[in-house]
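So you can see what is in the structure, the chains are spelled out below.
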Amino acid sequence: MWKEADNKLVKTFEFKDFSEAFAFMTRVALLAESQQHHPNWSNVYNKVDIELTTHDKGNTVTEKDRELAQAIDRLI
């Protein structure tokens, strides 16, 4: 479940191993590029932390973030 905190939507995804986490990040990257909306994220082994915020709207959560979050969830 995505949580809203500090003007960001945040979620941690956990996978079986690094390869699965990296494959997920690749799919998210292609999705984000197609939407022209890019996440802040980090990866440590099998975990991917994603933060979504709209930089050109003053770093606030907008509908653009919610739409990308839903699309990312559909990748799982």
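Criteria and thresholds
Residues numbered from 1 in each chain as written. Predicted model: local features only at pLDDT ≥ 70, side-chain atom pairs only at ≥ 80, totals over all residues. Heavy atoms only, no water. Buried < 20%, exposed > 50% of the residue type's maximum accessible area, 1.4 Å probe, protein only. Helix = DSSP H or I, 4+ residues; strand = E, 2+ residues; numbered from the N terminus. Pairing = 2+ DSSP bridges. Phe/Tyr/Trp six-rings, centres within 6.5 Å; stacked < 30°, edge-to-face > 60°.

Q: Honestly, the pairing of strand β2 (residues 8-14) in this entry has me stumped. Any pointers?
A: Only one face of β2 is buried: it carries L9, K11 and F13, and the other face, with K8, V10, T12 and E14, is open. By the bridge criterion, 3 bridges tie strand β1 (residues 3-5) to β2 in an arrangement that is antiparallel. Within β2, the residue paired with E4 across the bridge is L9. The antiparallel hairpin formed by β1 and β2 contains 2 residues in its connecting segment, where D6 sits at a positive phi of about 55°.

Q: So what exactly am I meant to see when it comes to the packing of aromatic side chains here?
A: Given two aromatic rings, their pairing is described by the distance between the two centres and the angle made by the two planes. For the structure on display, the rule yields 4 aromatic pairs. With centroids separated by 4.8 Å and ring planes inclined at 40°, the aromatic side chains of F13 and F24 adopt a geometry described as tilted. Here F13 is found in strand β2, whereas its partner F24 is found in helix α1 (residues 18-35), with 11 residues between them in sequence. Accessibility expressed as a relative area gives 5% for F13, which makes it buried. Both rings, one in F15 and one in F24, keep their centres 4.9 Å apart while their planes meet at 40°; by these two values the pair is tilted. Judged by relative accessible area, F24 falls into the buried class, the value being 0%.

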